[in-house]
Amino acid sequence: MANRNHHKLPRRFYSRPTLDVARDLVGKFIVHESPSGRMAARIVEVEAYIGRDDPACHAARGMTKRNEVMFGRPGFSYVYFIYGMYHCLNFVTEPEGSPAAVLLRAAEPVDGLDIMAGYAPGKPAQELLDGPGKFCRSFQLTRDHNGLDLTGTILYLEDRKHKPPSVAASPRIGIREGRNLLWRFFDQNSNAVSRTGPAAIRATKPSHRA
DNA sequence: TGAATGATGCGCT
DNA sequence: GCGCATCATTCAT
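Residues numbered from 1 in each chain as written. Chains lettered and ligands numbered in written order. Predicted model: local features only at pLDDT ≥ 70, side-chain atom pairs only at ≥ 80, totals over all residues. Heavy atoms only, no water.

Asks: Would you mind showing me how to read the protein's contact with DNA strand B here?
Replies: In the vicinity of DNA strand B there are 8 residues, among which T64, Y83, G84, M85 and R143 approach most closely. Sugar and phosphate atoms form 57% of the subset of DNA strand B atoms that lie within 4 Å of the protein. At 2.3 Å from a base oxygen of DNA strand B is found a main-chain nitrogen or oxygen belonging to Y83. In terms of residue class, the surface near DNA strand B is built from 4 nonpolar, 2 polar and 2 charged. (Near = heavy atom within 4 Å. Polar contact = N/O pair within 3.5 Å; in protein donor to acceptor, adjacent residues only side chain to side chain. Nonpolar A, V, L, I, M, F, W, Y, C, P; charged D, E, K, R; others polar.)

Asks: How should I be thinking about the protein's contact with DNA strand C in this particular structure?
Replies: The local shell around DNA strand C holds 19 residues, among which Y80, Y86, N90, G133 and G174 are the closest. The separation between a phosphate oxygen of DNA strand C and a polar main-chain atom of K134 is 3.0 Å. The set of elements that each furnish at least two residues to the surface near DNA strand C consists of β4 (77–82), β5 (86–92), β6 (100–111) and α3 (132–139). Of the residues forming the surface near DNA strand C, the biggest block, 4 residues, is contributed by α3. Broken down by class, the residue content of the surface near DNA strand C amounts to 9 nonpolar, 6 polar and 4 charged. (Helix = DSSP H or I, 4+ residues; strand = E, 2+ residues; numbered from the N terminus.)

Asks: Help me out: how do you make sense of a nonpolar patch on the surface in this one?
Replies: On the surface, Y83, M85 and Y86 cluster together to form a nonpolar patch covering roughly 390 Å² of accessible area. By the element assignment, M85 lies in the loop between β4 and β5. Residue classification places M85 among the exposed residues on the basis of a relative accessible area of 56%. (Patch = residues over 30% accessible without salt bridge, like charges linked within 9 Å, V, L, I, M, F, W, Y side chains within 5 Å. Areas by Shrake-Rupley, 256 points an atom, 1.4 Å probe, with all protein chains shown as cover. Salt bridge = Lys/Arg side-chain N within 4 Å of Asp/Glu carboxyl O. Buried < 20%, exposed > 50% of the residue type's maximum accessible area, 1.4 Å probe, protein only.)

Asks: What should I look at first to understand the pattern of salt bridges in this one?
Replies: Any two side chains of opposite charge can pair, given that their charged atoms come close. Tallied over the entire structure, the rule returns 12 salt bridges. Where D24 meets R16, a salt bridge forms, and the shortest distance between an N and an O atom there is 3.0 Å. Relative accessible area serves as the criterion here: at 25%, R16 is assigned to the partly exposed category. The salt bridge involving R42 is made with D187; its shortest N-O contact spans 2.9 Å. Of this pair, R42 sits in strand β3 (residues 37–50) while D187 sits in strand β9 (residues 184–187), and the two are 145 residues apart along the sequence. D187 carries the same exposure label as R42, and that label is buried. Ionic contacts of the salt-bridge type, sharing partners, join the residues E45, E47, R105 and R184 into one network.

Asks: How do you make sense of the packing of aromatic side chains when you look at a structure like this?
Replies: The geometry of an aromatic ring pair is captured by the separation of the ring centres together with the interplanar angle, meaning the angle of the planes. Summed over all chains, the structure comprises 3 aromatic pairs. Both rings, one in F13 and one in Y14, keep their centres 5.4 Å apart while their planes meet at 80°; by these two values the pair is edge-to-face. Taken individually, F13 and Y14 each receive the classification buried, so the pair is uniform in this respect. If you follow R16 out to its NZ or CZ, it ends over the ring of F13, 4.7 Å from the centre. Above the plane of the ring of F81 lies R143, whose end atom (NZ or CZ) is 4.5 Å from the centre. (Phe/Tyr/Trp six-rings, centres within 6.5 Å; stacked < 30°, edge-to-face > 60°. Lys NZ or Arg CZ within 6 Å of the ring centre and 35° of its normal.)

Asks: Would you mind going over the pairing of β9 with me for this structure?
Replies: In the case of a regular strand, side chains alternate between the two sheet surfaces. Burial along β9 is two-sided: R184 and F186 and F185 and D187, pointing in opposite directions, are all buried. Alignment of β3 against β9, held across 3 bridges, turns out to be antiparallel. Pairing of E45 across the sheet is with F186, part of β9. (Pairing = 2+ DSSP bridges.)

Asks: Which parts of the structure should I look at to understand α3?
Replies: Along an α-helix, residues three or four apart share an orientation, since each turn contains 3.6 residues. With 6 of 8 residues buried, α3 is to be regarded as a mostly interior element. Buried within α3 we find P132, G133, F135, C136, S138 and F139. As for α3, its buried residues are in contact with β2 (29–34), β3, β5 and β6. Following α3 by one or two positions, Q140 has its phi on the positive side, about 60°. (Contact = heavy atoms within 4.5 Å.)

Asks: Help me understand the environment of C88, please; the structure alone is not making it clear to me.
Replies: Within the secondary structure layout, C88 lies in strand β5. You can call C88 buried: its relative accessible area is 8%. Between the C-alpha atoms of C88 and K65, which are 23 residues apart in sequence, the distance is 16 Å. Setting aside its immediate chain neighbours within four residues, C88 contacts Y78, V79, Y80, I82, L103, P132 and C136.

This is how it looks when you write it as structure tokens:
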């Protein structure tokens, strides 16, 4: 870390109650030192998935080969493949043995826009990472990045000197069960939150028209 | 402006 | 086989 105003999040950040971690992650920065270069983005939207009692959590039906990292130590990545063409990135939380994670849903590009897949001159930057599938595609993350140590040097998160975001909560998006829980957290002032979801949620995104 | 749908592959029952 | 923590496109209003 060359910049002394950038502080990599330590393992103890992740080893806490998942809702606390999720809320605190809004406004943090994620960095990927990829083979094609360094990318960085500011997190603006996440969702919490907590344990065996959360029907929407992949761990609800026990440990499998796919979700085993959720049961492991906090501060590791959980990346899974979905809908035949997308990947989703999660951050494992809670002490070992408590399966839980935070899904990264959207972020604002900060560095390395030119090497993000899907980048096109003239395309609004806020549309590069505004969804969990789009984030992984642009940030060039696949199942190969499952189980990475987030306190390492390839994929990690940082706290930076930055104005604290105004965080709001809402139901999670794209799930069938567990919609009563307000476990989605997002930056109310960001125009890079994901588009999918009920009109009430989308309305949090400022309209283009006056 | 919003609802419906097809693409596409894999994990799990 | 079915369903999925998605997205871009098409169609209806």
